[in-house]
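Next come the chains, spelled out residue by residue.
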Number of protein chains: 2
Amino acid sequence: MVEELKKPKVTNPDEIDVIEEAVLAAVEQDNFAEAAEALQQLHAPDQADVFEDLEPEDQDQILELLTPEVQADILEELEDEDTAEVASRQEPEDLARIIELMEPDKAADLLGDIDLAQAIEVLEEIQEPQEVRPLLAYPDDSAGGIMTSLPISLVESMTVDQAIQHIRAEFEPDDEDIYYLFVTNTEHQLVGVVSVRQLLLGKPQVLISQIMNKDVISIEATADQEEAARLMSRYDLLALPVIDDGQHLLGLITFDDSVEVLEDEATEDIYRLGGVPQGNPSDISVKSAVKNRLPWLSLNMLTAMGSATVLSLFESTLAQYAVLTAFLPIVAGMGGNAATQTLTVTVRGLALGEIESSEGWKTLARELTIGLIDGAALGVIVSLIAMVWKGSPLMGLVVGISVFLNLICAALAGVLVPVIMSKLRFDPALASPILFTPTTDAFGYLIYLTVATLFFIPFIT
Amino acid sequence: MVEELKKPKVTNPDEIDVIEEAVLAAVEQDNFAEAAEALQQLHAPDQADVFEDLEPEDQDQILELLTPEVQADILEELEDEDTAEVASRQEPEDLARIIELMEPDKAADLLGDIDLAQAIEVLEEIQEPQEVRPLLAYPDDSAGGIMTSLPISLVESMTVDQAIQHIRAEFEPDDEDIYYLFVTNTEHQLVGVVSVRQLLLGKPQVLISQIMNKDVISIEATADQEEAARLMSRYDLLALPVIDDGQHLLGLITFDDSVEVLEDEATEDIYRLGGVPQGNPSDISVKSAVKNRLPWLSLNMLTAMGSATVLSLFESTLAQYAVLTAFLPIVAGMGGNAATQTLTVTVRGLALGEIESSEGWKTLARELTIGLIDGAALGVIVSLIAMVWKGSPLMGLVVGISVFLNLICAALAGVLVPVIMSKLRFDPALASPILFTPTTDAFGYLIYLTVATLFFIPFIT
């Protein structure tokens, strides 16, 4: 009957906006009961979105009016730092009640993010600390760090009927949904997997070892979380069992955490390529954003000094033949942008596993070919433009040759830098165009002014 | 007993490499039986990886030796164009047998990619065309285009016991695994969802309508595939039911397809920001890569003409005060890179839904603040460098002021361009730095040379 009365939650973006505004308006008038009620019409991710926009005092006022289940949902969905902040303001006993209702992996993350003294107090208050405690042992970015504890597992010697009885007895309503059931031997080593459907359709007296699939993909707890996510995405897995170095089953990674890792990884690559080295900048404070971006801009300024030095070296040439100045940005820009294209393709190819760093020469050959073709085409176009604009075929030739040579250098650099970084086990996305193009610029200027000194100046004087 | 004998498939990357080489070596010696056997030690995505490296004749030789199940797996995992190519070479009856074993959404994609006449012949040979036919109606990039047909659905008036009998009777071993069961009324309109676990744990005589969850999130078939993927990622859904405008249940989208859409979307954004407008370039031919990248480089050259024009306008100034030339790349580079940072954060924020285009002014205020701070800091640093290097405090002042002003312009442009593009329903990632920085360069030169003309030249002459 409760189900019957429950209003379905809202998923339409416009309706979500209306409810979000209703919550904010109610809070404005200190009507927290109304705010809490409106909030419950939303799904947890949307609840968290409104919640994070509130002042700390208002957050606490509303939280008090919600059931521990909803409190747990909201804390699961907030950004990690926000979760830790809200949690730090709660009494240990209250926080323990909330944490018991959270997914064990999120609970472990929360305990790792708050003050150690508070975390210990909370752990003492938790009724089933064995669900969370083992998860605290692994770094946040390892497979063990994103695994959650197993609600249930089967032993290969059970019959289908015994397995179903076991599930009925052990499964608690607030456990995460189960889709696969992992099977161990008597030493708790992973030996197979059974789907719920296989149990549902299996004959009662058949042994689990007879219906289970032995071809089970697993990962060690110390492996990188990105490796786990790639494995799940590549083999379309809903859940990935996590084992220790003795094949013992420790926990599992669920698909939602794997999707989160993949999205975070893509975001990180995008930001790094864009010269924003860390974090999730569209949310963080202005202070953190400046701290995040200013060092790279400063580094960029230092590398740009290379270009400035090249131009300084040719200062008297440029003073005498000021017509050369106009084409500086074109030669440098073409090279920088061709390098950015090559770099982008190489970095993403490495991230997706399409390019292996051991086969870097294949990519190099390919990109050099593209550089030759693009360089020849652009060289011809730009030399025609220069010829017509400045009325000098010689000028056209110089600019054309420079663009052509610069595009070949760009292809070389755009492949070699990320591939070498990847071989040295740095993130290739750190070879951001922001740090990279000043170098290609300097090269471009050097090539252009050298070509001009050799082929232009001797012939016009 | 067959299960007992089956060797688990290989997932270790090194072992995969060994088997891949064994397949290639066997093919080299025309020993296709050995190649086919080695291939079967791999999971489907890895089988497809080796398979796509083979010559067409070799592909066909091996394919003949594989069971239709394995043939179907490989065709599902190949890139769409490769699948279509391999399929085009098969006889209609053979292809029909393979397609019957493919997931309906992949089968529909394949039929849409091959020759129409062949597709019609194949459809006539298929035993259950009703599984595939409705999927052909929707564009590839819509929710309907990535949905698959429902292996099974329940009616709300069934009891738990009847539902289980229904599943046992209807479910075929090659159907996709079921995790949720969607519930309809007698008019086939979606009214709820039940998990397999709820059935497993439910009392036999209870009605489905009493245990089902009415809070079911769904999407219309004509909606964009990215909207479906965002919904599934946001609400952690394993499967999303697809309905028509009359709430009738048409099919479902599974989590693996949603992960694929999210990854493709991130890749597309990364490429566009890197000036590579389309496709999956680390795989495509050199010819396609040139076709893909050259137009953007050419466009970039045209926009770079703006910078060249600005420099041409100040040609006599630069000839007279060649010392100014050295700082051109620094002023322009700082602005371009700060703009790239702002652009990256804004584009990704828009893609992830963290920034809404209606709230663009919030982002603008934020980024302007960051631009003011970064601009002031960099302005001071660069003016000190210029002062020491060129021994001229005046020069330092000019460069410093220019960098400061340029960073403010960069923040403005980096927010306004993508937000306006998003409002006009263009992909904001098309505002790639490659097309964008020539404009900030031109602005940078203009600001710098104007400031120099106003404050530097009058005081040193």
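Residues numbered from 1 in each chain as written. Chains lettered and ligands numbered in written order. Predicted model: local features only at pLDDT ≥ 70, side-chain atom pairs only at ≥ 80, totals over all residues. Heavy atoms only, no water.

**Concerning the overall build of chain A**
Scanning chain A from N- to C-terminus turns up 23 helices and six strands. At 30 Å, chain A has a C-alpha radius of gyration far larger than the 23 Å of a compact globule built from 461 residues. Burial analysis of chain A (461 residues in total) assigns 54% to the buried set. Long-range pairs, those at least 24 residues apart, make up 67% of the contacts in chain A with a sequence separation of at least 6. Accessible surface, chain A as shown: approximately 19900 Å² in total, 55% of it carbon and sulfur. Mean positive and mean negative side-chain charge positions of chain A (23 and 79 charges, respectively) differ by 10 Å. (Helix = DSSP H or I, 4+ residues; strand = E, 2+ residues; numbered from the N terminus. Rg over C-alpha atoms; globule rule 2.2 N^0.38 Å. Buried < 20%, exposed > 50% of the residue type's maximum accessible area, 1.4 Å probe, protein only. Contact = heavy atoms within 4.5 Å. Areas by Shrake-Rupley, 256 points an atom, 1.4 Å probe, with all protein chains shown as cover. Lys, Arg positive; Asp, Glu negative; His and termini not counted. Charge placed at Lys NZ, Arg CZ, Asp CG, Glu CD.)

**Some words on a nonpolar patch on the surface**
All names here are of chain A. Residues L412, L416, I420, L424 and F426 make up a contiguous nonpolar surface patch of about 470 Å² in total accessible area. Along the chain, L412 turns up in helix 21 (residues 393-423). Classification of L412 by relative accessible area gives partly exposed; the value is 33%. (Patch = residues over 30% accessible without salt bridge, like charges linked within 9 Å, V, L, I, M, F, W, Y side chains within 5 Å. Salt bridge = Lys/Arg side-chain N within 4 Å of Asp/Glu carboxyl O.)

**Structural notes on the pattern of salt bridges**
On inspection of all chains with the given rule, the structure shows 26 salt bridges over all chains. Note that R230(A) and E263(B) form a salt bridge whose closest N and O atoms lie 3.4 Å from each other. You can see R230(A) sitting in helix 15 (residues 225-234) and its partner E263(B) sitting in helix 16 (residues 255-273), one on each of two chains. The two residues R230(A) and E263(B) agree in class, both being buried. Overlapping salt bridges bring together R230(A), E265(A), R348(A) and E263(B) as one network.

**What to know about the interface of chain B and chain A**
The interface of chain B with chain A comprises 116 residues on the first partner and 116 residues on the second. For the pair chain B and chain A, the summed buried area comes to about 10300 Å², and 63% of that belongs to carbon and sulfur atoms. Contact with chain A buries surface across chain B, with L200(B), M301(B) and Q341(B) losing the most and accounting together for 7% of the total. Counting across the chain B and chain A interface gives 12 salt bridges. (Buried area = accessible area lost by both parts, 1.4 Å probe.)

**Brief notes about the relation of the copies chain B and chain A**
One copy of the chain maps onto the second through a rotation around an axis plus a translation along that axis. Under the fitted operation, chain B is carried onto chain A by 0.1 Å of movement along the axis and a turn of 180°, and the coordinates agree to an RMSD of 0.2 Å. Viewed as a symmetry operation, the transformation between the two copies matches a two-fold axis. Closest approach to the rotation axis within chain B is made by the C-alpha atom of A319(B), at a distance of 2.1 Å. In this assembly, 100% of the residues forming the interface of chain B have copies in chain A that are likewise at the interface, indicating an isologous arrangement. (Least-squares fit on C-alpha atoms with pLDDT ≥ 70 in both.)

**A closer look at the confidence of the model for chain A**
All names here are of chain A. A residue-level look at chain A finds 95% of positions with pLDDT of 70 or above and a mean pLDDT of 85. pLDDT under 50 marks residues 1-6. Its contacts with residues more than four places away, or in other chains, come to three contacts. Scoring of the predicted complex yields 0.78 for pTM and 0.76 for ipTM. (pLDDT = per-residue confidence, 0-100.)

**A short note on the sheet that holds strand 2 (residues 180-184) of chain A**
An order of 1-2-3 (chain A) is seen for the three strands of this open sheet, with the pairing classed as mixed. Strands with a single pairing partner mark the edges of an open sheet, and in this sheet they are strand 1 (154-155) and strand 3 (190-195) of chain A. (Pairing = 2+ DSSP bridges.)

**Let's talk about the domain arrangement of chain A**
It is common to give the size of an interface as the accessible area lost on bringing the parts into contact. All names here are of chain A. Looking at chain A, the domain boundaries give domain 1 (2-131), domain 2 (154-268) and domain 3 (286-460). Each of domain 2 and domain 3 has a C-alpha centre, and these two points are 50 Å apart. In this assembly, four residues from domain 2 lie in contact with four residues from domain 3. In total, about 250 Å² of surface goes out of reach between domain 2 and domain 3, with carbon and sulfur atoms giving 35% of it. Ranking the residues of domain 2 by area buried against domain 3 places R230, A266 and E268 at the top, with a combined share of 88%. Along the contact surface separating domain 2 from domain 3 lie zero salt bridges. For the interface between domain 2 and domain 3, the tally reads one residue pair in polar contact (both at pLDDT 80 or more). Broken down by element, the residue count for the side of domain 2 that touches domain 3 peaks at three residues, all from helix 16 (residues 255-273). Taken together, the residues of the side of domain 2 that touches domain 3 break down into one nonpolar, no polar and three charged. (Domains from an automatic or database assignment. Polar contact = N/O pair within 3.5 Å; in protein donor to acceptor, adjacent residues only side chain to side chain. Nonpolar A, V, L, I, M, F, W, Y, C, P; charged D, E, K, R; others polar.)

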